[in-house]
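# Examination of the molecular architecture
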Amino acid sequence: MPSTTDSNLEIAKRANDEARADFATWVMMAKLKSLDALPQEAQTFYAGYLALLARGKQSEPAAAEATIQTVYRSYYSRMGGTGIAPIIKTASRSRPMPDDNNSNVTPFRRIKPNTPPPPREKKKLPAALIFIGLIVLAVAWRYLTKGSL
């Protein structure tokens, strides 16, 4: 049976991942000028991030990390974690946050296939079917022309 420490670590990992993903979403929505579409709680967290930046005491990556940690602690308690939220070490902490001058948003574009699709072959009528059709046509013509004389 897993201990509460193990379950708290699982909750912490999920809360941390969700907080980082949500913050990245909020940054993208801010760049798209769609913040008003976010829930009120998300708007409050993002406003706190902007306030940290406005104070000028922290760089953008530091303000982003501080905001993510605030969101993480909130998510941890909401998901049922007990006690103080443990510190989660992630690889994403070493990466700098994107700024407005160096955006990591890439427009979508269609990728052309490397090989052209095979040419469509026309359906060929078998020669036997054409021959049978001509015989039927000849017999019908002969039958129709003899009957009218």
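Residues numbered from 1 in each chain as written. Predicted model: local features only at pLDDT ≥ 70, side-chain atom pairs only at ≥ 80, totals over all residues. Heavy atoms only, no water.

All right, on to unusual backbone geometry then. Even without a glycine there, the phi angle at K33 is positive, about 60 degrees. Residue position: K33 is located in the loop between α1 (4–31) and α2 (40–55). (Helix = DSSP H or I, 4+ residues; strand = E, 2+ residues; numbered from the N terminus.)

There is a patch of nonpolar side chains on the surface, built from L125, L129, I130, L134 and L137 and spanning about 510 Å² of accessible area. In this fold, L134 is placed in helix α4 (residues 127–147). (Patch = residues over 30% accessible without salt bridge, like charges linked within 9 Å, V, L, I, M, F, W, Y side chains within 5 Å. Areas by Shrake-Rupley, 256 points an atom, 1.4 Å probe, with all protein chains shown as cover. Salt bridge = Lys/Arg side-chain N within 4 Å of Asp/Glu carboxyl O.)

Summed over all chains, the structure comprises 2 salt bridges. Between R20 and E65 there is a salt bridge, with its nearest N and O atoms 2.8 Å apart. On the criterion of sequence distance, the pair formed by R20 in helix α1 and E65 in helix α3 (residues 60–78) is long-range, its members being 45 residues apart. Take R20: its relative accessible area is 14%, and that puts it in the buried class. A salt bridge links R78 to E41, with the shortest nitrogen-to-oxygen separation between them at 3.0 Å. With a gap of 37 residues between them, R78 in helix α3 and E41 in helix α2 connect regions that are remote in the sequence. (Buried < 20%, exposed > 50% of the residue type's maximum accessible area, 1.4 Å probe, protein only.)

Within the structure shown, the criterion is met by 5 aromatic pairs. Between F23 and W26 the ring centres are 6.4 Å apart and the planes differ by 75 degrees, which places this aromatic pair in the edge-to-face class. Residue F23 and its partner W26 are located together in helix α1, separated by 3 residues, close to a single helical turn. Among the residues examined, F23 registers a relative accessible area of 0% and is labelled buried. For W26, a relative accessible area of 4% corresponds to the buried category. (Phe/Tyr/Trp six-rings, centres within 6.5 Å; stacked < 30°, edge-to-face > 60°.)

Once that is clear, we can look at α3. Compared with the 27 Å implied by 1.5 Å per residue over 19 residues, the 27 Å span of α3 between its first and last C-alpha is a close match. Among all positions in α3, only A63, A64, E65, T67, I68, Q69, V71, Y72, Y75 and Y76 are buried. Looking one or two residues beyond α3, the residue adopting positive phi is G80, at roughly 100 degrees. (Expected span 1.5 Å × (residues − 1).)

It is worth spelling out the confidence of the model for the chain at this point. Overall, the predicted model of the chain reaches an average pLDDT of 81, with 83% of residues at or above 70. Counting contacts from residues 92–98, a segment whose pLDDT is below 50, to residues more than four positions away or on other chains yields 12 contacts. (pLDDT = per-residue confidence, 0-100. Contact = heavy atoms within 4.5 Å.)

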